[in-house]
Amino acid sequence: MNQPKALTRIGLGRLLSLIYFLTWIYLVAKYIVALSTPALTEVFMNALIIALFVGLGLNINAFQIRSRSGTYRSLKQRALYIRDHIGNVVAFFVVPFCVSSASSLVVAANSGNLVQALFRTESYALIMVGGFMVFILLPALYILYRHGWE
């Protein structure tokens, strides 16, 4: 089955990341006007701190200090590894920043929750079941149908 050329070029993971980033822009644009400058500064500084801690943890967890042969990487090899994976390195900082800032902004501006702001429902169970269906079950069934179990 042929995929559209744009999807092949960008990749499904990058497309999903783009959709998430556009959602973050939507939430920030919608709720940023409701807060004062000091409150916005606090929201974004907290998000920055969270991004630094979580991003560092994610990068350390993903970074492979040993090569496939089991030898430790030299400083040059580590720098090259980071260079070759810079998109992932940056994403490990950007994602927690966006999640934290959007969530804090919505709660502080709306005294509500992110689920309500995005999905117009307060049913966490409905969103979890829907998310499971869309992001886990349907892709798994598609892969099973398209490529089989093995």
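Sequence order sets the numbering: in each chain, residues are counted from 1 along the sequence as written. Two thresholds apply to this predicted model, a pLDDT of at least 70 for residue-level local features and 80 or more for giving and counting side-chain atom pairs, whereas whole-chain, interface and lining totals are computed over all residues. Calculation of side-chain values draws on the structure's entire complement of heavy atoms; hydrogens and water are dropped beforehand.

A few words now on the pattern of salt bridges. Just to be clear on terms, a salt bridge is a Lys or Arg side-chain nitrogen sitting within 4 Å of an Asp or Glu carboxyl oxygen. With the rule as written, the count across this model stands at one salt bridge. Where Asp 84 meets Arg 83, a salt bridge forms, and the shortest distance between an N and an O atom there is 3.1 Å. With respect to burial, Asp 84 and Arg 83 carry one shared label: exposed. Relative accessible area decides the class of each residue, using a 1.4 Å probe on protein chains only: under 20% of the type maximum gives buried, over 50% gives exposed, and in between gives partly exposed.

Taking 1.5 Å per residue, 26 residues should reach 38 Å; helix α3 (residues 37–62) reaches 36 Å between its end C-alpha atoms and fits that length. Strands are runs of DSSP state E lasting at least 2 residues, helices are runs of H or I lasting at least 4, and numbering of each runs from the N terminus. Those residues of α3 that sit buried are Leu 40, Val 43, Phe 44, Ala 47, Ala 51, Gly 55 and Asn 59. Buried residues in α3 make contact with α2 (12–31) and α5 (86–110). Given the number of residues in a helix, its expected span is that number minus one, multiplied by 1.5 Å. A contact between two residues is defined here by any heavy atoms of the two lying within 4.5 Å.

Here the focus is the packing of aromatic side chains. Two rings from Phe, Tyr or Trp (for Trp, the six-membered ring) form a pair when their centres are within 6.5 Å of each other. A pair whose planes differ by under 30 degrees is stacked, one over 60 is edge-to-face, and the rest are tilted. Using the criterion set out here, one finds four aromatic pairs in the structure. Residues Phe 63 and Tyr 81 carry aromatic rings whose centres are separated by 4.7 Å and whose planes lie at 85° to one another, so their mutual orientation is edge-to-face. Residue Phe 63 is found in the loop between α3 and α4 (75–84), and its partner Tyr 81 is found in helix α4; the two are separated by 18 residues along the sequence. An identical accessibility class is assigned to Phe 63 and Tyr 81; each is buried. An aromatic cluster is defined as three or more aromatic residues linked by ring pairs; in this entry it consists of Phe 21, Trp 24, Phe 44 and Phe 97.

With that settled, the discussion passes to the packing of α3 against α5. Running from N to C, α3 and α5 cross one another at 145°; their axes reach a closest spacing of 7 Å. Relative to α5, the crossing made by α3 is right-handed. Across the contact of α3 with α5, the residue classes tally to 18 nonpolar, six polar and no charged. Only C-alpha atoms enter the line fits that serve as axes; for helices the fit covers just the stretch in contact. Angles between N-to-C directions range over 0 to 180 degrees. Each crossing is labelled by how the near helix is turned from the far one, with a counterclockwise turn of less than a right angle marking it left-handed and a clockwise turn marking it right-handed. Side-chain classes are defined by residue name, with Ala, Val, Leu, Ile, Met, Phe, Trp, Tyr, Cys and Pro counting as nonpolar, Asp, Glu, Lys and Arg as charged, and the others, Gly among them, as polar.

By the element assignment, Ser 100 lies in helix α5. When its relative accessible area of 11% is taken as the criterion, Ser 100 is described as buried. Sequence-distant contacts of Ser 100, that is, excluding residues within four places in its chain, are made with Ala 47 and Ile 50.

Nonpolar side chains in soluble globular proteins tend to be buried together. Core analysis: the largest hydrophobic core is formed by 16 residues, its most contacted members being Trp 24, Leu 27, Tyr 31, Phe 44, Phe 97 and Leu 105. Each residue touching Tyr 31, except ones within four places of it in the same chain, is listed here: Leu 105, Val 106, Ala 109, Asn 110 and Ala 117. To form a nonpolar core, buried Ala, Val, Leu, Ile, Met, Phe, Trp, Tyr and Cys residues must be joined to one another through side-chain atoms within 4.5 Å.

Contact pair α2 / α5: the axes reach a minimum separation of 10 Å and the direction vectors enclose 30°. Here α5 runs roughly parallel to α2, going by the angle between their axes. By crossing handedness, the relation of α2 to α5 is classed as left-handed. Packed against α2, whose contacting residues are Arg 14, Phe 21, Trp 24, Leu 27, Val 28 and Tyr 31, the element α5 presents Asn 88, Phe 97, Cys 98, Ser 101, Ala 102, Leu 105, Val 106, Ala 109 and Asn 110 at the interface. Residues that form the contact of α2 with α5 fall into these classes: 11 nonpolar, three polar and one charged. Relative orientations are named as follows: roughly parallel for angles under 35 degrees, roughly antiparallel for angles over 145 degrees, roughly perpendicular for angles from 65 to 115 degrees, and oblique for any other angle.

Bear in mind that shape data such as this cannot, by itself, settle questions of function.
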